Structure formats: C-alpha cells, structure tokens
Amino acid sequence: MRAWPAGSPRDEGEAEVDRTLDELADRGIDLDPATPGQHRHGDEIHPSDHAHPHVHSGIDEPPVIGIVGAGAVGTALGVALNRAGWQVGAVASRDPGRRERFRSLVPGARGFAEATALLDEVELVVLAVPDDALAGLAGRLHLYSGQAMVHTSGALGAEVLEPAMAAGTQVGAFHPLVAFADVELAVAALNGATVAIEGDDQLAELLARMADAIGATPVRLPPGTKAAYHAAAVLAAGGFVALLDAIAELGSVAGLDEAGSLAIYGRLVEQTLANARALGISRALTGPMTRGDTGTLERHLATLRAHAPGVLPLYVAAAEREIALAERRGVLAPEAARTMRSSLAPPD
Ligand SMILES: NC(=O)c1ccc[n+]([C@@H]2O[C@H](COP(=O)([O-])OP(=O)(O)OC[C@H]3O[C@@H](n4cnc5c(N)ncnc54)[C@H](OP(=O)(O)O)[C@@H]3O)[C@@H](O)[C@H]2O)c1
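Residues numbered from 1 in each chain as written. Predicted model: local features only at pLDDT ≥ 70, side-chain atom pairs only at ≥ 80, totals over all residues. Heavy atoms only, no water.

Caption draft 1: Region of interest: the site of the ligand. Close contacts around the ligand come from 22 residues, with Val73, Ser93, Arg98, Asp131 and Thr152 the closest. For the ligand, an oxygen atom lies 3.0 Å from a polar atom in the backbone of alanine 70. Side-chain polar atom of aspartate 131 to an oxygen atom of the ligand: 2.5 Å apart, as the coordinates give it. In the complex, 74% of the free accessible area of the ligand, which totals 880 Å², lies under the protein chains. Looking at the shell around the ligand, the elements that each hand over two or more residues are helix H2 (72-83), helix H5 (131-140) and strand S8 (170-176). Residue composition of the shell around the ligand, grouped by class: 12 nonpolar, 6 polar and 4 charged. (Near = heavy atom within 4 Å. Polar contact = N/O pair within 3.5 Å; in protein donor to acceptor, adjacent residues only side chain to side chain. Areas by Shrake-Rupley, 256 points an atom, 1.4 Å probe, with all protein chains shown as cover. Helix = DSSP H or I, 4+ residues; strand = E, 2+ residues; numbered from the N terminus. Nonpolar A, V, L, I, M, F, W, Y, C, P; charged D, E, K, R; others polar.)

Caption draft 2: Quick peek at the pattern of salt bridges. Under the counting rule described, the total for this entry stands at 9 salt bridges. Where glutamate 121 meets arginine 110, a salt bridge forms, and the shortest distance between an N and an O atom there is 3.5 Å. Remark: arginine 110 occurs in strand S5 (residues 110-112) and glutamate 121 occurs in the loop between helix H4 (115-118) and strand S6 (124-127); sequence separation between them is 11 residues. Of the charged contacts, one joins glutamate 335 and arginine 338 as a salt bridge, the two residues approaching to 2.8 Å between their closest N and O atoms. (Salt bridge = Lys/Arg side-chain N within 4 Å of Asp/Glu carboxyl O.)

Caption draft 3: Quick look at the packing of helix H8 (residues 226-253) against helix H9 (residues 258-279). Axis separation between H8 and H9 bottoms out at 10 Å; the angle between their running directions is 130°. If you check the angle between H8 and H9, you find them oblique. Judged by the twist between their axes, the crossing of H8 over H9 is right-handed. Residues Phe240, Leu244, Ile247, Ala248 and Gly251 of H8 touch H9, and the partners they reach there are Ser261, Leu262, Tyr265 and Val269. Looking at the contact of H8 with H9 residue by residue, the class counts come to 7 nonpolar, 2 polar and no charged. (Axes fitted to C-alpha atoms, helices over the stretch in contact; angles between N-to-C directions. Parallel < 35°, antiparallel > 145°, perpendicular 65-115°, else oblique. Left-handed = near helix turned anticlockwise from the far one by under 90°. Contact = heavy atoms within 4.5 Å.)

Caption draft 4: Examining the side chain of histidine 175 more closely. With respect to the helices and strands, histidine 175 occurs in strand S8. On the basis of relative accessibility, which here comes to 7%, the residue histidine 175 falls in the buried class. Histidine 175 has contacts with Thr152, Ser153, Gly154, Thr194, Val195, Ala196, Tyr229 and His230, leaving out every residue within four places of it along the chain. (Buried < 20%, exposed > 50% of the residue type's maximum accessible area, 1.4 Å probe, protein only.)

Caption draft 5: Summary view of the nonpolar core. Core analysis: the biggest nonpolar cluster contains 38 residues, and Leu124, Phe174 and Met210 have the highest contact counts within it. Elements supplying a minimum of two residues to this core: strand S3 (65-68), H2, strand S4 (88-92), S6, strand S7 (148-151), helix H6 (183-190), strand S9 (194-198) and helix H7 (201-213). Here the element with the most residues in this core is H7; it accounts for 7 residues. Here methionine 210 is in contact with Ile65, Leu81, Trp86, Leu124, Val126 and Phe174, once residues within four sequence places are set aside. Judged by nonpolar contacts, the second largest core, of 22 residues, contains Val68, Leu118, Val122 and Leu137. (Core = buried A, V, L, I, M, F, W, Y, C linked by side-chain atoms within 4.5 Å.)

Distances and angles like these do not, on their own, reveal function.
Below you can see the structure in the form of structure tokens.
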C-alpha cells in the first residue's frame, strides 16, 4: 500500500511504477502470485474453482485463439487468422523481441512470457513450438473444461498433448503443409495450402473451418500414416533444397554462380514438374537412365568423383531410383538395367 500524498514529487515515480506493473501484467508476469488453490482477478483473490477460461466467444463465433511460440509458424498463423477475422487473443513467447513483433503484426493479442498465463485468456490453444518441446509443454499446461489444444507438428500425432487434458477438453493437430521461411510469404502460401487436421469430430470440424478461413484445404489422414505423410513433405521441401544445393555445386564446376544455376536448372525443374503433372511421374522421367546410356552414366560418375565427391551419394541414389522407374515403365530392358546398376556400384 503506497501512502504518498497527492501532488507530491513522488506522483511521477508512482505513475512510473504503475506503468511498469501494468506492462509486466500485460506480459503475464505476476510479481505477487496467489497461493496455490487460489486465483486472482486484479485485486480480488478467491478459490480457483470458478469457470475458466475468462473469455468466451459468442455462439457460432470462432473461438478466441492463443498461440504458444512466436516463431516462424506461430507468427504466420497468427497473422493469417487475424486477417481472416478470427480473434487471436494472446501469444506466449519467452523472447520479448519475438513477442512484441507478434503483437505489432497481430493487433489485439496480449503478450505473455509464460504459456500457463495464456490459458485463462483463450479457448483454443495452438502450440507452435519445436516437436521436442511439445510433450514437456503439454505436461505443464492443464486445460480447463471447454478448451481445446492443438499442435502444428507434422511428425507427431495429437496424442502427445494428452497430458494437458481434463474432463471436457479436446486435443488435436493442425499441420499446414507450407515452408515457413518468411511471415508474408508464408501467409500468402497458406492460401491454397493443405492442412492435415486431427481431433475428434467436433474439434476436426472447427479446425476444418479454421483452415477454410485462411484459404487452406483441410485433410484428415488415415490413422497411423502421419509419419509417412510428413516424411514426404520433408523430401519435397528440405530434400528438394538439398538437391538444389547439389545442382548448384555441379553448376559451379561449370563456372556458374548460384543465381546462374537457379536460372538455368530452375527452368528444367519447372518443366519436369509440369510434365509430371500433365503426364504422371513415370512418363516425366527423361535422361540417360531411360536410354540405357551406360557410357554417359560412367562419365558423370567419373567427373563427380574428381570434382564434386560430396554430390556422388545423392546422384547414385537418384540414379538407382530412375533405373527402377525406367524398368517399370518398360523403356529399359532388364539386361541394360543390370549393366547400369553395376556401373553405380563403388569401384574396388
Ligand atoms: N517451419 C516450418 O516450415 C514448419 C511447417 C509446418 C509445421 N511446422 C511445425 O511447427 C512447429 C513450430 O515450428 P517453427 O518452425 O515455428 O519453430 P521456431 O521458428 O523455432 O519457433 C518455435 C517457437 O517455440 C518457442 N519454444 C521453443 N522451445 C520452447 C519450449 N520448450 N517451451 C515453450 N516454447 C518454446 C520458441 O521460443 P520462444 O518462446 O523463445 O519464442 C519459438 O517462439 C513445429 O512443431 C514444426 O514441426 C514447421
């Protein structure tokens, strides 16, 4: 209790203290927490058995959303949902810079340093944190009846969130198939992307509406298939970048810089993708493996050993797959396929 007389020179100091306390509260930092079993609303402290969370959307309105993790996915999702008219009520990030950036991009979101503080403010909790942090976080966050929690991981199932559950709560997953490298690019890419959703029927229906709202297409995967679905996504994104990196390394042997390689081979990549879309993957295959051209294959292997040995394993793995594809398509005779495979075997 402060007892400074009004109008004293201490007024400005008191106002400063109040501003600091407001700012800390706004960030979810409570300097005077209630004792366990109790709950505080401003100055009022009472048993913590009243209805939570404190916010409720109207009937037929989207739930108030809270995002834990102001990283690549959390921030872009927050921006996309906010622009779609869904209320993003709060964000939790331990990093003040990321938290403030999120709040500047998502008007109306309160910022918390601790994910537990966010639980009182929202109805749907989105955990956009690294896969390895999910289980620990779910163990520390306990949902109130009526709340739901989802994560954005493509690799893990919704069951990793079960420790957060209590009666009347639901858990699920909302995994957008987007490479989140930059906020605005990711927000644009969410429009038209696929989102894999998990959850019981009621939550899945809500998540499907959430995907629709940001222009994405929701899909429900058959049980037990999520890891394969995600491994394919990793090949399509990170795996393809690894391939581009190898292409650029070989391009540099021929005197091309990265931009030059991207300009020249990028067109070939686009053409190949267009062919696969139009004709199917198998008929899009071209090159020495479809002709049984062992001489060319051996020249490639020799130059890779001499100038780009780091690219060799990737070239060999792709060539093995191409030979199998050409054989299946019926353009490469089994004998020619055998000869090519023996060229790929490491030299003695
Ligand atoms: N990146 C992609 O392209 C992509 C695509 C689809 C799905 N996903 C999935 O989305 C999730 C988030 O990925 P991201 O790329 O956004 O990761 P990120 O950029 O690294 O951001 C992760 C956020 O989580 C916070 N965090 C980290 N460890 C935490 C912990 N132990 N407790 C609480 N918060 C923690 C981080 O720190 P602060 O609290 O310090 O802010 C950060 O804000 C992952 O499950 C990932 O698999 C990623």
